[in-house]
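Listed here are the chains, written in short residue letters.
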Amino acid sequence: MRPSPVRESCRPEVAQGSPRTTASCIHTMDLPELLAPERIRCRLDIQSKKRALQTLAELLGQGIRPDTESDTTTGADASAVDSATNGPPAEASDEAAEKRRKKAASRDSTSLGDRLRGKKHDEPAHDGLSDMDILDALISRERLGSTGLGHGVALPHSRVATIESPLAAMITLNDGVDFEASDSKPVDLLVGLLVPENCNDDHLKILANLARRFNEPEFRDSLRAHEDGNALYAELHRQATNP
């Protein structure tokens, strides 16, 4: 992976949960600052690592583009994921096919690497990061080595150019999925993390802080106990304010 220049850290200067901020210096962000209730899903029936990553990508995409509908499981994005993992997809509807055609036409001159670096024919980046771009970034990181921490926890993550502050999404599963974790235990508690490309130091600090938190059995159990994203977020906020 190409090393990125490290500039000043990236501290959010707007309300918690929003990725639309101006980069400046940061303290080590904890989960309540990275998450928002709408980016948390509890007790999902997911049976594969691929689908877990897809769900995180959708939630992260909604955080980046809160005014638009998630696109990971429709059109070209779903077909690309399924083709890569399960062979050719089933026959799509006319509407889905048209959506694929339009999306392909709008993006055919932009490579994945350029999209993640925010470049299109050397033009400045825009807030055009799709759910599929996020999924590709998470999968690319997984290919370097599993982000499973052990104890049923995984922290899929990546750095991208088209956001200005870190943000996260969280899902819990009814049944764990194989994540090739070091302890070989199935994963049922996942946090997906995106960090601005220039914030390498902060990326490492956030990951280290999350790894420390998830190493605490009581903390993991408290998150698994919830069935509602709002309640889980309230629990995270309570623990952060009353350690």
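Here the structure is shown first, and the text comes after it.
Residues numbered from 1 in each chain as written. Predicted model: local features only at pLDDT ≥ 70, side-chain atom pairs only at ≥ 80, totals over all residues. Heavy atoms only, no water.

Novice: Can you tell me about the pattern of salt bridges, naming the residues and giving the values?
Specialist: Summed over the entire model, instances satisfying the criterion amount to 8 salt bridges. Residues R65 and D131 are paired through a salt bridge, measuring 2.7 Å at the closest nitrogen-oxygen approach. With R65 in the loop between helix 2 (49-64) and helix 3 (75-86) and D131 in helix 6 (residues 131-144), the pair connects residues that are 66 residues apart, well separated along the chain. Considered together, R65 and D131 belong to a single accessibility category, that of buried residues. Residue R224 is joined to D188 by a salt bridge in which the shortest nitrogen-to-oxygen separation is 2.9 Å. On the criterion of sequence distance, the pair formed by R224 in helix 8 (residues 217-224) and D188 in strand 6 (residues 187-196) is long-range, its members being 36 residues apart. D188 gets classed as buried once you look at its relative accessible area, which sits at 17%. (Salt bridge = Lys/Arg side-chain N within 4 Å of Asp/Glu carboxyl O. Helix = DSSP H or I, 4+ residues; strand = E, 2+ residues; numbered from the N terminus. Buried < 20%, exposed > 50% of the residue type's maximum accessible area, 1.4 Å probe, protein only.)

Novice: Now, about the nonpolar core: what can you tell me, with residues and values included?
Specialist: Residues L60, I64, I134, I171, F179, L190 and L194 are the most contacted members of the largest nonpolar core, which totals 26 residues. Among the elements of the structure, helix 2, helix 6, strand 5 (167-177) and strand 6 are those that each provide at least two residues to this core. Residue contributions to this core peak at 7 residues, all from helix 2. Within the second largest apolar cluster, 24 residues are counted, among which are L35, L155, M170 and C199. (Core = buried A, V, L, I, M, F, W, Y, C linked by side-chain atoms within 4.5 Å.)

Novice: How would you summarise the packing of aromatic side chains if you had to cite specific residues and measurements?
Specialist: Applying the stated criterion across every chain, the model contains 1 aromatic pair. Ring geometry for F214 against F219: centres 5.3 Å apart, planes inclined by 65°, an arrangement best described as edge-to-face. For the residue pair F214 and F219, the accessibility class agrees, reading buried in each case. We note K49 situated over the ring of F179; from NZ or CZ to the ring centre the distance is 4.6 Å. Against the face of F219 rests R213, its NZ or CZ located 4.1 Å from the ring centre. (Phe/Tyr/Trp six-rings, centres within 6.5 Å; stacked < 30°, edge-to-face > 60°. Lys NZ or Arg CZ within 6 Å of the ring centre and 35° of its normal.)

Novice: An account of the environment of S165 is requested, with residue identities and associated values reported.
Specialist: For S165, the location among the structural elements is in the loop between strand 4 (157-160) and strand 5. On the basis of relative accessibility, which here comes to 0%, the residue S165 falls in the buried class.

Novice: Account for the pairing of strand 5, naming residues and giving values.
Specialist: With 8 of 11 residues buried, strand 5 lies mostly within the body of the structure. Pairing of strand 1 (residues 40-44) with strand 5 involves 3 bridges; the strand directions are parallel. By the bridge assignment for strand 5, R41 is matched with I171. The pairing of strand 5 with strand 6 spans 7 bridges and is antiparallel. Along strand 6, the bridge assignment pairs M170 with V191. (Pairing = 2+ DSSP bridges.)

Novice: Can you break down the environment of L190 residue by residue, with the values?
Specialist: Note that L190 resides in strand 6. Judged by its relative accessible area of 0%, L190 is buried. Ignoring sequence-local partners within four residues, the contact set of L190 consists of A52, L56, A154, P156, A169, M170, I171, L173 and F179. (Contact = heavy atoms within 4.5 Å.)

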